[in-house]
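So you can see what is in the structure, the chains are spelled out below.
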Amino acid sequence: MEVITMLSPTWHREESNGELNSYLVVVVLLIIIKNISRMCHTNIIRRIFANSMKKVLFLCTGNSCRSQMAEAYLQSLDSTMVVRSAGTNPCNVINPYAVRVMAEDGFDLSTHTTQNVTDYLPEPWDYVITVCENARETCPHFMGTVGQQLHIGFDDPAEAIGTDEEIMAIFRKIRDQIKAEIKLFYLFHIKQDHETV
């Protein structure tokens, strides 16, 4: 009896310490699981937003040349995006030279129509990009809801004068500039967003 009496307190202390250690292990595991769950949930949400359809609107005055080309090139880079173009004072038709030079590069603008920017004001946009040339034109400002408004300016090929081939050469030059700039925009603003998530 004396031996049992002497050992009992020690045994109870060891049992109590063991329960406490087990409890602490369970608490630590629960905290770890909760944090992992929170991180996974956050990453899932981020991926959902990053991979959701980006909406880009190209804006100029007449919506007959540059903004139409930009729309076609960006849409060709990513079919999941919503890409549109519009003008503050749209022309009645797409410039025929724009149709011709884009056809040379595999794009059919013959069925495109010009749009007024007011048609797109009720919609939110991730990017609104003005494509007019700052030094010679007053660039329009988008009055709707937009994440980022950017400016990528190009000379207006519609102002070109000369023979048919001379005008075509100017339109080709602007077309190639637009193609290159739109690819850079896509790489640094759209594709990079996906890859960094």
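Residues numbered from 1 in each chain as written. Predicted model: local features only at pLDDT ≥ 70, side-chain atom pairs only at ≥ 80, totals over all residues. Heavy atoms only, no water.

Caption draft 1: Spatial organisation of the nonpolar core. Of all hydrophobic cores here, the largest spans 32 residues; its most connected members are Val56, Phe58, Leu74, Ile129, Ile178 and Phe185. For this core, the element with the highest residue contribution is helix α4 (residues 164–195), accounting for nine residues. Non-local contacts of Ile129, meaning those with residues more than four positions away in its chain, are made with Val56, Leu57, Phe58, Leu59, Leu150, Ile152 and Phe185. In terms of nonpolar packing, the next biggest core, distinct from the first, is built from nine residues, Leu59, Ala86, Trp125 and Val128 among them. (Core = buried A, V, L, I, M, F, W, Y, C linked by side-chain atoms within 4.5 Å. Buried < 20%, exposed > 50% of the residue type's maximum accessible area, 1.4 Å probe, protein only. Helix = DSSP H or I, 4+ residues; strand = E, 2+ residues; numbered from the N terminus. Contact = heavy atoms within 4.5 Å.)

Caption draft 2: Geometry of the pairing of strand β1 (residues 55–60). The buried count for β1 comes to six of six residues, which makes it a mostly enclosed element. Burial along β1 is two-sided: Lys55, Leu57 and Leu59 facing one way and Val56, Phe58 and Cys60 facing the other are all buried. Crossover handedness for the path β1 to helix α2 (residues 66–77) to strand β2 (residues 82–87): right-handed. Bridge analysis of β1 against strand β3 (residues 125–130) gives four bridges, and the strand direction is parallel. For Phe58, the partnering residue across the bridge sits in β3 and is Ile129. (Right-handed = clockwise from strand over helix to strand, strands pointing away. Pairing = 2+ DSSP bridges.)

Caption draft 3: A look at the sheet that holds strand β4 (residues 146–151). Across the sheet, which stays open at both edges, the four strands sit in the order β2-β1-β3-β4 with parallel pairing between neighbours. Every interior strand has two partners, whereas the edge strands, β2 and β4, have only one. In this sheet, neighbouring strand axes are inclined to one another by 20° on average, regardless of whether the strands run parallel or antiparallel. (Axes fitted to C-alpha atoms, helices over the stretch in contact; angles between N-to-C directions.)

Caption draft 4: Broad picture of the pattern of salt bridges. Applying the stated rule across the entire model yields eight salt bridges. Among the ionic pairs, Glu104 bridges to Arg175, the shortest N-O distance being 3.2 Å. Residue Glu104 is found in helix α3 (residues 96–104), and its partner Arg175 is found in helix α4; the two are separated by 71 residues along the sequence. For Glu104, a relative accessible area of 44% corresponds to the partly exposed category. Relative accessible area serves as the criterion here: at 10%, Arg175 is assigned to the buried category. Ionic pairing is found between Lys179 and Asp105, a salt bridge with its closest N-O pair at 3.2 Å. With Lys179 in helix α4 and Asp105 in the loop between α3 and β3, this pair connects stretches of sequence that are 74 residues apart. Take Lys179: its relative accessible area is 40%, and that puts it in the partly exposed class. Connected via shared salt-bridge partners are Glu104, Glu165, Arg172, Arg175 and Asp176. (Salt bridge = Lys/Arg side-chain N within 4 Å of Asp/Glu carboxyl O.)

Caption draft 5: Region of interest: the confidence of the model for the chain. Looking at the chain, the pLDDT average stands at 81 and 67% of residues meet or exceed 70. In this model residues 1–8 is a low-confidence stretch, pLDDT under 50, and it forms zero contacts with partners more than four residues away in sequence or in other chains. Here residues 39–51 scores under 50 on pLDDT; set against residues more than four positions off or in separate chains, the count is seven contacts. (pLDDT = per-residue confidence, 0-100.)

Caption draft 6: Layout of α2. The end-to-end C-alpha distance of α2 is 17 Å, a good match for the 16 Å that twelve residues give at a rise of 1.5 Å each. Extensive coverage of α2 is indicated by the burial of nine of its twelve residues. What α2 keeps buried is the set Arg66, Ser67, Gln68, Met69, Ala70, Glu71, Ala72, Tyr73 and Leu74. (Expected span 1.5 Å × (residues − 1).)

Caption draft 7: Spotlight on unusual backbone geometry. Located in the positive-phi region is Asn63, a residue other than glycine, with phi close to 55°. Its place among the elements puts Asn63 in the loop between β1 and α2. Residue Asn63 is classed as buried on the basis of its relative accessible area, which comes to 0%.

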